[in-house]
Amino acid sequence: MSSDLNLKTIIGLEIHVQLTKLKTKLFCATSADYRGGKPNTHVCPVCLGLPGTLPVVNRKAIEYAIAVAKALNCEISDKIMFVRKHYFYPDLPKNYQISQYIGPGFESIAKNGYVKISVDGKSKIVRIRRINVEEDPGRIVYIGSIEKSPYSLIDYNRSGVALLEIVTEPDIESPKEARAFLEKLMAILEYLGVTDPGLEGAFRVDANISFEGFGRVEVKNIGSIKDVEKALNYEIIRQKRIILQGGKIERETRHWDADKGITISLRSKEFEEDYRYFPDPDLPPLKISKEFIEKIISSLPELPDERIRRFLKQYGLDEYRATVLVLNKWLADFFEEAAKIYGNYKKLADLLITDFLRWINEYNIDYRKLKVKPEHVVKILKLWDDGILSVKMVKEILPHVVRDGVDVEEYIKEHGYIRIVDKNYIQEVVAEVFNENPKAVQDAIENPKAINYLIGLVMKKTGGKADPQITREIVLEMLNKKRDTGS
Ligand SMILES: [Zn+2]
């Protein structure tokens, strides 16, 4: 069906990222570490929006925002301005959200940036329109699903937690690019140490998707990168089907149902929403000095693009391998630890980004709780290099090492994984096999295809531990001798 329609896909993303590394909320001293707490226990008059309270900006949040802005190549504003964004929602105690806005007389903390991504070996730039610093609303808790819940509960623990709203230009042209962009963005934020993407609700994505010349649909509040890709794929098929049938794409807001893997219409989009933005009188504009910005920029850590470049130079990896490692920060750290004691960097990288990563995912292991240490993986590689382990054995042993962090040498001893490379020993076994099977030896002299049967007998006698390559060489040698002597 998709081939019938050659339409340009236009995707823009709006990402809400919690600055989870902050100890307190954006405008008060209430603890921002609300996860796992009883509902409505992490609250104070400020974050509940009670009359007469005054917000005070969390300086650290501004530092983080400036670091992110720089890492996303943005122009950084020389003043901080906050606006009130008015709308009614049960989880918004003040009936307005303190946010930022770009418009006449208004400025966001940063704008006009970009992120470089790479998809199928091609580089591409996704522009960043703006970054806002804003407060998170509370949370509406539904019983069961959003559609079936008989009532809703409200938890204000999240209310006032510092968010960055990062908005892209509609430069993304496929769900795959959206995924690559988000992976890169989250890696940058993780390297900056401003958020922990592994925490539930730490980031949420609104995705706008349309076909050139058709109406735009917004899918709200998608909770994971994988789900963004799935939701966009779903929307592409749904919208194409409507267009093919001659229908009209309604401008609307949809909800992504991750369990069912579908989007559901929430409401038709009011055209330009009237939020009645106006400057927050409690938070007058604040100058940001050049020195302040420069101090933050000078203390930025190594970021993914720099690390990828370093990996190319220092370890001689190609861009693909370096990128996969670097975008999984913990895996890149693991790689660098292992590379201190193992010099075949390409072989190490290959094992880590294929089988190793596969088992981590298959066992659903949280990388923060890894039992396997870099030295375990290096031991496997060294035994493999020495010919003591075959590829097949490496693949059999690796999952146990990954899951349990077992000592490889002990494990292979216990499970009889030692591979026999001792030529004298193999020669003895081959001689035994020849003596016991004169008919098979005669067959092999006449028909080279029958050699495998003899090799199989040797393998059987050694419990599968003889090195197949060496065994083959010895069997051939001894057959040649027999043929020459005619005995
Ligand atoms: Zn508070």
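Definitions and limits used
- Residues numbered from 1 in each chain as written.
- Predicted model: local features only at pLDDT ≥ 70, side-chain atom pairs only at ≥ 80, totals over all residues.
- Heavy atoms only, no water.
- Helix = DSSP H or I, 4+ residues; strand = E, 2+ residues; numbered from the N terminus.
- Buried < 20%, exposed > 50% of the residue type's maximum accessible area, 1.4 Å probe, protein only.
- Contact = heavy atoms within 4.5 Å.
- Donors = N, O, S within 2.8 Å, 3.2 Å for Na, K, Ca; no water.
- Core = buried A, V, L, I, M, F, W, Y, C linked by side-chain atoms within 4.5 Å.
- Arc of directions from axis to C-beta.
- Expected span 1.5 Å × (residues − 1).
- Polar contact = N/O pair within 3.5 Å; in protein donor to acceptor, adjacent residues only side chain to side chain.
- UniProt positions renumbered as here; feature names shortened; annotations may be inferred.
- Axes fitted to C-alpha atoms, helices over the stretch in contact; angles between N-to-C directions.
- Left-handed = near helix turned anticlockwise from the far one by under 90°.
- Nonpolar A, V, L, I, M, F, W, Y, C, P; charged D, E, K, R; others polar.
- Pairing = 2+ DSSP bridges.
- Right-handed = clockwise from strand over helix to strand, strands pointing away.
- pLDDT = per-residue confidence, 0-100.
- Patch = residues over 30% accessible without salt bridge, like charges linked within 9 Å, V, L, I, M, F, W, Y side chains within 5 Å.
- Areas by Shrake-Rupley, 256 points an atom, 1.4 Å probe, with all protein chains shown as cover.
- Salt bridge = Lys/Arg side-chain N within 4 Å of Asp/Glu carboxyl O.

1. A short note on the environment of lysine 290
Turning to step 1, where the next piece is worked out: Summarising the element assignment, lysine 290 is placed in helix H4 (residues 290-298).
Turning to step 2, where the next piece is worked out: For the pair lysine 290 and aspartate 318, spaced 28 residues apart in sequence, the C-alpha to C-alpha distance is 38 Å.

2. Some words on the environment of leucine 303
Turning to step 1, where the next piece is worked out: Topologically, leucine 303 is positioned in the loop between H4 and helix H5 (304-315).
Turning to step 2, where the next piece is worked out: Take leucine 303: its relative accessible area is 12%, and that puts it in the buried class.
Turning to step 3, where the next piece is worked out: C-alpha of leucine 303 to C-alpha of alanine 187: the two residues are 116 residues apart in sequence and 8.6 Å apart in space.
Turning to step 4, where the next piece is worked out: Once residues within four sequence positions are removed from consideration, leucine 303 is found in contact with Ala71, Ile188, Tyr191 and Leu192.

3. Section: the coordination of the zinc ion
Turning to step 1, where the next piece is worked out: The protein atoms that coordinate the zinc ion are Cys28 (SG), Thr30 (OG1), Cys44 (SG) and Cys47 (SG), at distances of 2.2 to 2.3 Å.
Turning to step 2, where the next piece is worked out: Read from N- to C-terminus, the donor residues coordinating the zinc ion fall into the pattern C-x1-T-x13-C-x2-C.
Turning to step 3, where the next piece is worked out: Using a relative accessible area of 11% as the deciding quantity, one classes threonine 30 as buried.

4. A short note on the nonpolar core
Turning to step 1, where the next piece is worked out: Among the nonpolar cores identified, the biggest contains 117 residues, and Leu13, Ile131 and Phe181 are the most heavily contacted of them.
Turning to step 2, where the next piece is worked out: In terms of residues, this core owes the most to one element, helix H2 (residues 175-192), which gives 11 residues.
Turning to step 3, where the next piece is worked out: Formed by 23 residues, the second largest nonpolar core is a distinct cluster that contains Ile426, Val433, Ala444 and Ala450.

5. Points about H4
Turning to step 1, where the next piece is worked out: By the burial criterion, the buried members of H4 are Phe292, Ile293 and Ile296. Buried residues along H4 cover an arc of 95° about the axis, so they all sit on one side. More than 90 degrees from the buried face of H4, the exposed residues found are Lys290, Glu291, Lys295 and Ser298.

6. Brief notes about helix H9 (residues 374-385)
Note that an α-helix has 3.6 residues per turn; residues three or four places apart therefore point the same way.
Turning to step 1, where the next piece is worked out: The terminal C-alpha atoms of H9 lie 17 Å apart, and with 12 residues this matches the ideal 16 Å at 1.5 Å per residue to within 8%.
Turning to step 2, where the next piece is worked out: Two residues or fewer past H9, glycine 387 is found with a positive phi of approximately 80°.

7. Quick look at the side chain of histidine 376
Turning to step 1, where the next piece is worked out: By the element assignment, histidine 376 lies in helix H9.
Turning to step 2, where the next piece is worked out: Histidine 376 sits in the buried class, given a relative accessible area of 13%.
Turning to step 3, where the next piece is worked out: Among the polar contacts listed, one links the side chain of histidine 376 to the backbone oxygen of glycine 405, at a separation of 3.4 Å.
Turning to step 4, where the next piece is worked out: Setting aside residues no more than four positions away along its own chain, histidine 376 makes contact with Lys371, Val401, Gly405, Val406, Asp407 and Val408.

8. Structural notes on the UniProt feature "domain: Asn/Gln amidotransferase" (unreviewed entry) in the chain
Turning to step 1, where the next piece is worked out: In the numbering adopted here, UniProt assigns the feature "domain: Asn/Gln amidotransferase" (unreviewed entry) to residues 333-479.
Turning to step 2, where the next piece is worked out: Counted over residues 333-479, helix gives 71% and strand 0%. Its end C-alpha atoms are 52 Å apart.

9. Points about the packing of helix H8 (residues 345-362) against H9
Turning to step 1, where the next piece is worked out: Contact pair H8 / H9: the axes reach a minimum separation of 11 Å and the direction vectors enclose 115°. Every pair of crossing elements has a handedness; the one defined by H8 and H9 is right-handed. Where H8 abuts H9, its residues Lys347, Leu348, Leu351, Leu352 and Phe356 lie against Val377, Leu381, Trp384 and Asp385.
Turning to step 2, where the next piece is worked out: Here the residues of the contact of H8 with H9 sort into seven nonpolar, no polar and two charged.

10. Some points on the pairing of strand S12 (residues 217-222)
Turning to step 1, where the next piece is worked out: With four bridges connecting them, strand S11 (residues 203-211) and S12 associate as antiparallel partners. From the neighbouring strand, alanine 207 faces S12, where its bridge partner is valine 219.
Turning to step 2, where the next piece is worked out: Between S11 and S12, which pair antiparallel and follow one another directly, the connecting turn spans five residues, one of which, glycine 213, has a positive phi of 90°.
Turning to step 3, where the next piece is worked out: Inspection of the sheet shows S12 paired to strand S13 (residues 252-257) by four bridges, in the parallel sense. If you follow valine 217 over to S13, its bridge partner there is glutamate 252.
Turning to step 4, where the next piece is worked out: In the classification by handedness, the crossover that spans S12, the intervening helix H3 (residues 225-244) and the parallel S13 is left-handed.

11. Focus: unusual backbone geometry
Turning to step 1, where the next piece is worked out: Phi is positive for asparagine 40, which is not a glycine, with a value near 60°.
Turning to step 2, where the next piece is worked out: Within the fold, asparagine 40 resides in the loop between strand S1 (9-18) and helix H1 (59-71).
Turning to step 3, where the next piece is worked out: Classification of asparagine 40 by relative accessible area gives partly exposed; the value is 35%.
Turning to step 4, where the next piece is worked out: Backbone geometry places asparagine 73, a non-glycine residue, at a positive phi of 60°.
Turning to step 5, where the next piece is worked out: By secondary structure assignment, the location of asparagine 73 is in the loop between H1 and strand S2 (75-76).

12. Structural notes on the confidence of the model for the chain
Turning to step 1, where the next piece is worked out: Model confidence for the chain is summarised by a mean pLDDT of 91, while 97% of its residues fall at 70 or above.
Turning to step 2, where the next piece is worked out: The weakest mean pLDDT in the chain belongs to helix H11 (residues 408-414) at 82; the strongest belongs to strand S10 (residues 162-168) at 98.

13. Some words on a nonpolar patch on the surface
Turning to step 1, where the next piece is worked out: A surface patch of nonpolar side chains, amounting to about 230 Å² of accessible area, comprises Tyr142, Ile146 and Leu266.
Turning to step 2, where the next piece is worked out: By the element assignment, isoleucine 146 lies in the loop between strand S8 (139-142) and strand S9 (152-155).
Turning to step 3, where the next piece is worked out: Since its relative accessible area comes to 32%, isoleucine 146 is described here as partly exposed.

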